[in-house]
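Structural overview for review
Here is what each chain is made of, one letter per residue.
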Amino acid sequence: MQPSDDRLIPHILPNGLTVLERRYLRRNQTGEICETPADLFCRVALHVAQGELAYGQDTASVERVAQQFYDMLAGLDFLPNSPTLLNAGRPLGQLSACFVLPIADSLASIFESLKHAALIHQSGGGTGFCFSQLRPAGDGVGDTREVAAGPIAFMEVYNAAVDSIKQGGQRKGANMGLLRVDHPDVEAFISAKDDLRRVTNFNISIGITHAFMDAVARNADFSLIHPTTGQVVKTVAAQGLMARIVDCAWRTGEPGLIFLDRVNVDNPTPSLGALAATNPCGEVPLLPYEACNLGSINLMNMLDERNQLDWEKLARTVRLAVHFLDNVITVNQYPLPETRHQVAGNRKIGLGVMGWADCLMAQGIAYNSDAAIQLAQGLACWMDYQAKLASVDLARQRGAFPNFVNSRYQDAAWLTARYEAQLGANHRVSALEWQAMAERIQAVGIRNATTTCIAPTGTISLIAGVSGGIEPVFALAYTRNVLNNTRLKEVHPLFARWLQQQPQNQEALLQQVAQAGSLSEIQGLPEAVKRIFVTSLDIAPSWHVRMQAAFQAFTDNGVSKTINVPQSATRGDVAAAFQLAYEMGIKGVTVYRNNSRQDQPLLLATAESPMVQTPPREDPPAVCETCD
């Protein structure tokens, strides 16, 4: 297979080309780029298609599948996670995004995992850790006079070690540190990032339990438990502990919350252990040594000529993307043998979306509307159903994931209960169809223990030229801080198209929007237009949570979504968002108050740094009057 002429690839916007050139395209020994975008997509497609050989296919089949993969990638219909774009068809060959490593309560385990983390970061992956098994700081160590350093001290050791390692030679690594809410050191852990110069390579989250949330609701005391003895070390006021979490999240955006009991309701393989840690962005709960293999469908490319979702094209793309991601697991060169074994046992993949906010704008649907929530539920339900169909078909050809025999997929009640309570008339899949799916899974198995996940798509959405994941648009004109402080100025393409059609002074209006970020306070614009071009800080926190919950209802793994609140938001606003996320069954939640950190990735323009327009999309959004 030869790559097509780059001119046949859909137009990649200038900022997308900048990302490709700075990070993804191969360079020769003198540092010059020696690969075009078409070459990149060809390289990835050919490498991933080699997985066909492991299942008895011939070279002609490899060529056919490679062409299908290439057309999907070059058409920007689907893009895999960054390590796959970086490393497929190159010597490193490590294609997974992130890994979870175990940390037991011994120096040998702590530093063995640190060594493994270094190898993973060197290969281009990120890491997640649960520090909950470590004894609290100051605790005695055996019969010696030594005392334990505690989770925070060792997290700082990890932070310092990975600080000098760039992922795949490209960027510093990302990590997630998680501690259970009932750990004796939880109060100090909550405040671990009060000084943002500490543990700079870690996101931190608190593992929240039903017992803790119940104690908060009852204004009761809550016990902190020694992780090795099981004894109560200390009793605290649950509401006071939650107030500390809320205060830190209000000030710095961290910690986030991971609802551990909710996560484990959907754990497909509880016989292998509980899910206790996640990848760095928090949307993929994984067992020790598991890795996440992610990819996202570009929803803007799933619209037909009327700017309506083409459900059949979406189904075809989902099925091919599942095939692609399963092949990624097969051809991957894992940095650790333990990871190869664990990933091969469960074959988890995470197919998600990008461009959701753009998709809504193009259809004339306000992000913060019941119409958007209903469409999100229908979309997530349809994608999950089609992904399961594809995975069952692969199981018929290639066999079920090896741990299927002891998994919850053997329990039809578990399988159908996850969906029946969520099904409604607005969804495209009926309860009977889900029941039939459950019966097919029990008859032939399923290839992948999980199939769906909503990732943030920070850089691949830039390549595709669409909004990230399911996030609303941050601002209609802004500066994106990426790639070691490279600043990319952006004007939303749909807004740019609408702006070109306006008779007023376009440049003056653009600069107004650049300063404000949104249209909400600009006089003289139709309210219907303001509703469609809504931005993240125009949206009440409850709508952010409702949107995340709509996708979560039909997503195996978690949903990456930031609950953005304005700088004026109160601690009570943050607490309310946390509570609503818990009540709505979300697996993890992060609340970020605008301008609470100086290093935030998206910035509004200033007078000294005005915005420049990027080429608009072909069609402006329709205005839906019923959204008001």
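Further up the page is the structure itself.
Below is a summary of the structure that appears in this document. Residue positions within a chain follow its written sequence, with the count starting from 1. A pLDDT threshold of at least 70 governs which residues receive local features in this predicted model, and a stricter bar of 80 or more applies before side-chain atom pairs are shown or counted, although totals over entire chains, interfaces and linings include all residues. Computation of side-chain values covers all heavy atoms of the structure but excludes hydrogens and water.

**Things to note about the overall build of the protein chain**
Put simply, the test is: Per the convention used, a helix needs a DSSP run of H or I reaching at least four residues, while a strand needs a run of E reaching at least two, with both numbered from the N terminus. Burial classes follow relative accessibility: with a 1.4 Å probe on protein chains only, a residue under 20% of its type's maximum area counts as buried, one over 50% as exposed, and anything between as partly exposed. By definition in these notes, contact holds between two residues if any of their heavy atoms fall within 4.5 Å. Residue burial considers only the protein chains on display, and all accessible areas are found by Shrake-Rupley using a 1.4 Å probe.
Helix and strand counts for the protein chain stand at 22 helices and 20 strands. Within the protein chain, buried positions represent 60% of all 628 residues. Within the protein chain, residue pairs in contact and separated by at least 24 positions form 76% of the contacts whose partners lie at least 6 positions apart. Of the roughly 23800 Å² of accessible surface on the protein chain, a fraction of 50% belongs to carbon and sulfur atoms.

**Quick word on the side chain of S518**
Following the sequence through the fold, S518 ends up in the loop between α19 (506-516) and α20 (527-532). Ignoring anything within four residues of it in the chain, the contact list for S518 reads V513, T535 and D538.

**So, the side chain of N87**
Our working rule: Here a polar contact is recorded for every N or O atom pair within 3.5 Å, except that within protein the pair must consist of a potential hydrogen donor and a potential acceptor, and residues adjacent in sequence are included only if both atoms are side-chain atoms.
Its location among the elements puts N87 in helix α4 (residues 82-87). The class for N87 is buried, based on a relative accessible area of 7%. One polar contact links the side chain of N87 to the main-chain carbonyl oxygen of Q94, over a distance of 2.7 Å. Not counting chain neighbours up to four residues away, the residues in contact with N87 comprise R43, L92, G93, Q94, L95 and S123.

**Structural notes on the sheet that holds strand β14 (residues 294-298)**
The cut-off we apply is this: Pairing between two strands requires that DSSP report at least two bridges joining them. Lines fitted to C-alpha atoms define the axes here, with helix axes fitted over just the stretch in contact, and angles between the N-to-C directions of these axes take values from 0 to 180 degrees.
Here three strands make up an open sheet; going across it, the order is β1-β14-β15 and the pairing mixed. Two strands close off the open sheet at either side, each with one partner strand: β1 (78-80) and β15 (350-354). The average undirected angle you get between the axes of adjacent strands in this sheet is 25 degrees. Inspection of the sheet shows β14 paired to β15 by five bridges, in the parallel sense. Paired with N298 across the strands is M354, a residue of β15.

**Things to note about the nonpolar core**
Rule in force here: What we call a nonpolar core is a set of buried Ala, Val, Leu, Ile, Met, Phe, Trp, Tyr and Cys residues that are connected through their side-chain atoms within 4.5 Å.
Membership of the largest hydrophobic core comes to 183 residues, with the highest contact counts inside it found for F212, L314, F324, W356 and F551. Sorting elements by how many residues they give to this core places helix α14 (residues 370-398) first, with 15 residues. If near-sequence neighbours (up to four positions away) are discounted, F551 is found in contact with V353, W356, A376, L379, A380, I454, I470 and V559.

**Quick look at the sheet that holds strand β19 (residues 588-593)**
Here eight strands make up an open sheet; going across it, the order is β13-β2-β3-β6-β7-β10-β19-β18 and the pairing mixed. Either end of the sheet is taken by a strand with one partner, and the two such strands are β13 (291-292) and β18 (562-565). Looking at chain direction, β18 and β19 are connected through four bridges and run parallel. Paired with V565 across the bridge in β19 is R593.

**Considerations on the packing of helix α18 (residues 493-500) against α19**
This is how the line gets drawn: For any helix crossing, the convention is left-handed if the near helix is rotated counterclockwise from the far helix by under a right angle, and right-handed if that rotation is clockwise. Polar here means any residue other than Ala, Val, Leu, Ile, Met, Phe, Trp, Tyr, Cys and Pro, which are nonpolar, and Asp, Glu, Lys and Arg, which are charged; Gly is therefore polar.
Across the interface, α18 lies against α19 with an axial gap of 10 Å and an inter-helix angle of 150 degrees. The two elements α18 and α19 cross, and the hand of that crossing is right-handed. Here α18 contributes F495, W498, L499 and Q500 to the contact with α19, which in turn contributes Q506, L509, L510 and V513. Classifying every residue of the contact of α18 with α19 by side-chain character gives six nonpolar, two polar and no charged.

**Observations concerning helix α6 (residues 151-163)**
Applicable threshold: A helix is expected to span 1.5 Å for every residue after the first. The arc in question is the one spanned by the directions pointing from the helix axis to the C-beta atoms.
Compared with an ideal rise of 1.5 Å per residue, which puts 13 residues at 18 Å, α6 spans 18 Å between its outermost C-alpha atoms and is within 8% of the ideal. Taken together, the buried positions of α6 are P151, I152, F154, M155, Y158, N159 and V162. Buried residues along α6 cover an arc of 160 degrees about the axis, so they all sit on one side. Taken together, the buried residues of α6 touch α5 (107-123), β3 (126-130), β6 (175-180), α7 (186-190) and β7 (202-208).

**Remarks on the packing of aromatic side chains**
Quick reminder of the rule: Note on aromatic pairs: the rings of Phe, Tyr and Trp (six-membered ring only in Trp) are paired at centre separations within 6.5 Å, and the planes decide the class, stacked below 30 degrees, edge-to-face beyond 60, tilted for the rest. Only when the NZ of Lys or the CZ of Arg is both within 6 Å of the ring centre and within 35 degrees of the ring normal is a charge said to sit over the ring.
A complete count under the given rule lists 20 aromatic pairs for this structure. Judged by centre distance (4.9 Å) and plane angle (90 degrees), the ring pair of F129 and Y158 falls under edge-to-face. Separated by 29 residues along the polypeptide, F129 in strand β3 and Y158 in helix α6 bring together distant segments of the chain. The same class applies to F129 and to Y158, which are both buried. Aromatic rings pair up to connect F129, F131, Y158 and F202 into one cluster. Directly above the ring of W250 sits R571, whose terminal nitrogen or CZ lies 3.8 Å from the centroid. Residue placement shows R593 over the ring face of W250; its charged tip is 3.9 Å from the ring centre.

**Quick word on the environment of N346**
Tracing the backbone shows N346 in helix α12 (residues 337-346). Considering only alpha carbons, one finds N346 and R447, 101 residues apart in sequence, at a separation of 8.4 Å. Beyond its immediate chain neighbours, meaning those up to four positions away, N346 contacts T269, L272, L287, E290, F401, N403, R447, N448 and A449. Within polar-contact distance, the side chain of N346 engages the side chain of N403 at 2.8 Å.

**A few points about helix α16 (residues 431-444)**
The first and last C-alpha atoms of α16 sit 20 Å apart over 14 residues, in line with the 20 Å expected at 1.5 Å per residue. Against α14 and α15 (412-420) lie the buried residues of α16. G445 lies just past α16 and shows a positive phi near 90 degrees.

**A short note on the state of the cysteines**
To keep it simple, the criterion reads: A pair of sulfur atoms, both from cysteines and within 2.5 Å, is called a disulfide here.
Across all of its chains, the model carries zero disulfides by this definition. Considering cysteine sulfurs only, C292 is the nearest to C98, which forms no disulfide, with 4.4 Å between them.

**Some points on the packing of α15 against α16**
Defined as follows: By the definition adopted for this analysis, an angle is roughly parallel if under 35 degrees, roughly antiparallel if over 145, roughly perpendicular if from 65 to 115, and oblique otherwise.
Remark: α15 packs on α16, axes separated minimally by 10 Å, with the N-to-C direction vectors making an angle of 150 degrees. The angle between α15 and α16 falls in the class roughly antiparallel. In this structure, α15 crosses over α16, and the sense of that crossing is right-handed. Touching A412, L415, T416, Y419 and E420 of α15 are A431, W434, Q435, A438, I441 and Q442, all from α16. Looking at the contact of α15 with α16, its residues break down into seven nonpolar, three polar and one charged.

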